[in-house]
Amino acid sequence: MAAHNDLGKYGERLGVQFLSKKDYKVLHTNWKYSYFEIDLIASKNNVLHFIEIKTRKTKTFGEPEDDADQKKLSKIMKAAEEYQHRNPGWKRIQYDVLAISIHASEPPEFYLIEDVYYW
């Protein structure tokens, strides 16, 4: 597996731990529909959260959240529609981005961007 894939999987594990400590109930990780994938599906306070996790070790190419662009969110939304079709009953949904920066000698830094939406 490529190093960036290993980093992504590590970030997803960190994300599950971080969100669980913040009282999110993790429902699914890496949920797939067709060729779309949602990193994390969770619930909190009767809201269904579709969460994209972005992890980086350096800022050479910007912040981790910079990769969660309109194109990526559009793909997540398509998968989320199918998820809701298969799992009806949620009155409120939300799209979030969890950016994780990994530092060599410090604990990871988490930045949760809630309720993102692009036009």
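Rules behind the numbers
Residues numbered from 1 in each chain as written. Predicted model: local features only at pLDDT ≥ 70, side-chain atom pairs only at ≥ 80, totals over all residues. Heavy atoms only, no water. Helix = DSSP H or I, 4+ residues; strand = E, 2+ residues; numbered from the N terminus. Rg over C-alpha atoms; globule rule 2.2 N^0.38 Å. Buried < 20%, exposed > 50% of the residue type's maximum accessible area, 1.4 Å probe, protein only. 1 Å grid on protein atoms, 1.4 Å probe; cavity = no way out; pocket = protein on both sides within 12 Å on 5 of 7 lines; lining within 4 Å. Points joined across faces, edges and corners; volume = space filled by probe spheres on them. Nonpolar A, V, L, I, M, F, W, Y, C, P; charged D, E, K, R; others polar. Pairing = 2+ DSSP bridges. Salt bridge = Lys/Arg side-chain N within 4 Å of Asp/Glu carboxyl O.

### Points about the overall build of the chain
Thought 1: Looking only at helices and strands, the chain features two helices and five strands.
Thought 2: N-terminal to C-terminal, the α/β element order of the chain is α-β-β-β-α-β-β.
Thought 3: Taking 119 residues into account, the globule formula puts the C-alpha radius of gyration at 14 Å, and the chain, at 14 Å, falls close to it.
Thought 4: By its C-alpha atoms, the chain is 45 × 30 × 30 Å across when sized along the principal axes.
Thought 5: When burial is assessed residue by residue, the chain has 38% of its 119 residues classed as buried.

### Brief notes about empty space enclosed by the protein
Gaps between atoms show up when a probe of the same size as a water molecule is rolled over them.
Thought 1: In the structure shown here, the tally under the stated rule is one cavity of 30 Å³ or more.
Thought 2: There is about 40 Å³ of room inside the largest cavity.
Thought 3: Glu 52, Ala 68, Leu 73, Ile 76 and Val 97 are the residues nearest the centre of the largest cavity, which is lined by ten residues in total.
Thought 4: Mapped onto the lining of the largest cavity, the elements with two or more residues apiece are helix 2 (70–86) and strand 4 (92–101).
Thought 5: Partitioning the lining of the largest cavity into residue classes produces six nonpolar, no polar and four charged.

### Some thoughts on the pairing of strand 3 (residues 47–56)
Thought 1: Among the ten residues of strand 3, ten are classified as buried, and the element is accordingly described as predominantly covered.
Thought 2: With burial as the criterion, each face of strand 3 is covered, one bearing Val 47, His 49, Ile 51, Ile 53 and Thr 55 and the other bearing Leu 48, Phe 50, Glu 52, Lys 54 and Arg 56.
Thought 3: When strand 2 (residues 36–44) meets strand 3, the two strands line up antiparallel, connected through five bridges. In the sheet register, Leu 40 faces strand 3, and the bridge partner there is Ile 51.
Thought 4: What sits between strand 2 and strand 3 in their antiparallel hairpin is a turn of two residues, with Asn 45 showing a positive phi close to 55°.

### A look at the pattern of salt bridges
Thought 1: Tallying each qualifying case throughout the model produces six salt bridges.
Thought 2: The salt bridge partner of Lys 32 is Glu 37, with a shortest N-O separation of 3.2 Å.
Thought 3: A relative accessible area of 25% places Glu 37 in the partly exposed class.
Thought 4: Salt-bridge contacts for Glu 52 lead to Lys 72; the nearest nitrogen and oxygen are separated by 3.9 Å. In this pair, Glu 52 sits in strand 3 while Lys 72 sits in helix 2, placing the two residues 20 residues apart along the sequence.
Thought 5: Among the charged side chains, a network of salt bridges with common partners joins Glu 52, Lys 54 and Lys 72.

### Some words on the layout of surface pockets
Thought 1: Approximately 440 Å³ is the volume found for the largest pocket.
Thought 2: Lining the largest pocket are 21 residues, and of these Gly 8, Glu 12, Asp 39, Ile 53 and Lys 54 sit closest to its centre.
Thought 3: For the lining of the largest pocket, the elements supplying multiple residues, two or more each, are helix 1 (3–21), strand 2, strand 3 and helix 2.
Thought 4: Residues that form the lining of the largest pocket fall into these classes: seven nonpolar, four polar and ten charged.

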